[in-house]
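Chain and residue survey
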Amino acid sequence: MSINRRDFLKGALAGGALLGMGAEAEARPNKTMPPQALGLLFDSALCIGCKACVAACKRVNGLPPDPTSGENPIWDVPLDMSAYTYNVIKVYKSGTAVHKDQETDGYAFMKQSCLHCVDPSCVSACPVSAMLKDPVTGIVTYDAGACIGCRYCVAACPFGVPRFEYDKALPKIGKCELCRHRMADGHYAACAEVCPTGATLYGKVTDLMTEARRRLALKPAKRRSSRAGSWAVRTRATAHRRPSTSRRSTARRSWAARR
Amino acid sequence: MIKLASVPFDKLGHRPLPERSYASISEGLQHTLYSYLILPAAVLGVLGVVAKRNAKHDDDDDDGGGSAGRGRK
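Quick caveat, the model's predicted, so the values are computed rather than measured.

The rules behind these values
- Residues numbered from 1 in each chain as written.
- Chains lettered and ligands numbered in written order.
- Predicted model: local features only at pLDDT ≥ 70, side-chain atom pairs only at ≥ 80, totals over all residues.
- Heavy atoms only, no water.
- Helix = DSSP H or I, 4+ residues; strand = E, 2+ residues; numbered from the N terminus.
- Areas by Shrake-Rupley, 256 points an atom, 1.4 Å probe, with all protein chains shown as cover.
- Buried < 20%, exposed > 50% of the residue type's maximum accessible area, 1.4 Å probe, protein only.
- Contact = heavy atoms within 4.5 Å.
- Pairing = 2+ DSSP bridges.
- Patch = residues over 30% accessible without salt bridge, like charges linked within 9 Å, V, L, I, M, F, W, Y side chains within 5 Å.
- Salt bridge = Lys/Arg side-chain N within 4 Å of Asp/Glu carboxyl O.
- Buried area = accessible area lost by both parts, 1.4 Å probe.
- Polar contact = N/O pair within 3.5 Å; in protein donor to acceptor, adjacent residues only side chain to side chain.
- Nonpolar A, V, L, I, M, F, W, Y, C, P; charged D, E, K, R; others polar.
- Phe/Tyr/Trp six-rings, centres within 6.5 Å; stacked < 30°, edge-to-face > 60°.
- Lys NZ or Arg CZ within 6 Å of the ring centre and 35° of its normal.

Assigned secondary structure in chain B consists of 2 helices and 1 strand. Taken from the N to the C terminus, the helices and strands of chain B come in the order β-α-α. Per element, the accessible surface of chain B, about 5300 Å² overall, is 57% carbon and sulfur.

Now for the overall build of chain A. When you go through chain A residue by residue, the secondary structure sums to 6 helices and 12 strands. Counting over 259 residues, chain A shows a buried share of 42%. Of the contacts made within chain A by residues no fewer than 6 positions apart, 54% connect residues no fewer than 24 positions apart. A total of about 14300 Å² of accessible surface is found on chain A, and carbon and sulfur atoms cover 56% of it.

Whether parallel or antiparallel, the strands of a sheet pair through hydrogen bonds between backbone atoms. Residues and elements named next belong to chain A. One open sheet holds the 3 strands; their spatial order is β2-β4-β3, and the pairing between them is mixed. Edge positions in the sheet fall to β2 (88-93) and β3 (99-100), since each of these pairs with one other strand and no more. For β3 and strand β4 (residues 106-112), the ladder comprises 2 bridges, and the chain directions are parallel. Looking across to β4, one finds that K100 is bridged to Y107.

Before going further, it helps to spend a moment on a nonpolar patch on the surface. Residues and elements named next belong to chain B. There is a patch of nonpolar side chains on the surface, built from L29, L33, Y34 and L37 and spanning about 420 Å² of accessible area. Take L37: it is sitting in the loop between α1 (22-34) and α2 (38-54). Here L37 falls in the exposed class, since its relative accessible area comes to 52%.

Attention now moves to the pattern of salt bridges. Opposite charge on two side chains permits them to pair, given that their charged atoms come into close proximity. All names here are of chain A. Applying the stated rule across the entire model yields 15 salt bridges over all chains. Note that D119 and R28 form a salt bridge whose closest N and O atoms lie 2.9 Å from each other. Of this pair, D119 sits in the loop between β4 and α3 (121-125) while R28 sits in the loop between α1 (5-22) and β1 (38-43), and the two are 91 residues apart along the sequence. Across the pair, exposure class does not vary: D119 and R28 are buried alike. For K58, the salt bridge is made with D76, and the minimal N-O distance between the two is 3.0 Å. Of this pair, K58 sits in helix α2 (residues 52-61) while D76 sits in the loop between α2 and β2; the two residues are 18 residues apart in sequence, bridging distant segments of the chain. Among the ionic contacts, a cluster of salt bridges with common partners joins D43, E211, R214 and R215.

Attention shifts here to the interface of chain A and chain B. With 47 residues of chain A at the interface, the matching set in chain B holds 33 residues. Between chain A and chain B the total buried area reaches about 3800 Å² when both faces are included, carbon and sulfur atoms providing 62% of it. Linking chain A to chain B there are 3 salt bridges. A salt bridge links A:E103 to B:K11; the shortest N-O distance between them is 2.9 Å. The interface formed by chain A and chain B holds 14 residue pairs in polar contact (both at pLDDT 80 or more) in total. Only α1, β1, β4, α3, α6 (205-217) and β12 (253-256) of chain A provide two or more residues apiece to the side of chain A that touches chain B. By residue number, the principal contributor to the side of chain A that touches chain B is α6(A), which donates 6 residues. Its residues assigned to classes, the side of chain A that touches chain B shows 25 nonpolar, 9 polar and 13 charged. Where β1(A) and strand β1 (residues 2-5) of chain B come together, 3 bridges link them in parallel fashion. Of the residues in β1(B), the one forming a bridge with A:F42 is B:K3.

Before going further, it helps to examine the packing of aromatic side chains. Residue and element names in this part refer to chain A. Under the criterion given, the structure shown has 3 aromatic pairs over all chains. Ring plane angle 20° and centroid distance 5.1 Å describe the contact between Y188 and Y202, whose orientation is recorded as stacked. Within this pair, whereas Y188 is found in the loop between β8 (173-174) and α5 (190-194), its partner Y202 is found in strand β9 (residues 200-204), the two being separated by 14 residues in sequence. Geometry around F164 places R151 over its ring, the cationic atom sitting 4.7 Å from the centre.

This part is about unusual backbone geometry. All names here are of chain A. The phi angle at S129 is positive, at roughly 55°, despite the residue not being glycine. Structurally, S129 can be placed in the loop between α3 and β5 (131-133). With a phi close to 65°, R151 is a non-glycine residue in the positive phi region. Take R151: it is sitting in the loop between β6 (140-142) and α4 (152-156).

Take a look at the structure:
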């Protein structure tokens, strides 16, 4: 196909006009947190890995044993989040794994559940608004009645939180909704309710952020060891002045879920 | 959800996050492409012009048939 100068100029002009039109629309910025947003504070240094939160989450949400627990599970030991496990405690191990909260030759626990993002991808991707972010509480909610089972939320979530009931004829999405169904009875998130060490706290995100900053600012305390008067450096780990089993003296890091 | 830990978070299953949220990037892209349906309409127009330019009418056949019918070849 040959092209003469007139056609080329016409095409270039039209293309330029198209590009100019496309650049008019501005991408929106990140969304912001509702001022009264509710959330959880998880402190890995306090978690002892008892999984009471996993069991409590299953109980209050009426979830069956997880299929990943084995063929004929006697114990419900979910390995990961699933449509029947909204909350799971995972362990990090390194080398000999003897020291708690230590990167080398240590171990640490981490809670995996919905982060209730400020700008959630699942809400953005859902074509029928089954996934919504509550404008007041900030809870990312799921409406099974509106869901069409497209699993866009499963694909969109960068943390792999929404899970699909692949083994059901009428499947739903399973994810943590911060126990919003219990709020009418005066209860709050079961994982935070049952946590024996205060590793998982529930409250307003602003209050939790204040507490998190306070914990991050804590200096590792010097404590007189019971052995021969030597001084051992220990991390003062808890908000309740409870000494941690960690010997690591560096400060904790924070990871806030912005999205 | 706020999390505190002594071990780096990328070892605990939380990779570093970009400052821009994924939702804002994908929504920005979609809304740019489809804002007021200008771009799809413009693309349709361009395609129409191209199709019209490349269409070969029966009238232009070299056999000199003039306004010949479709079945005549």
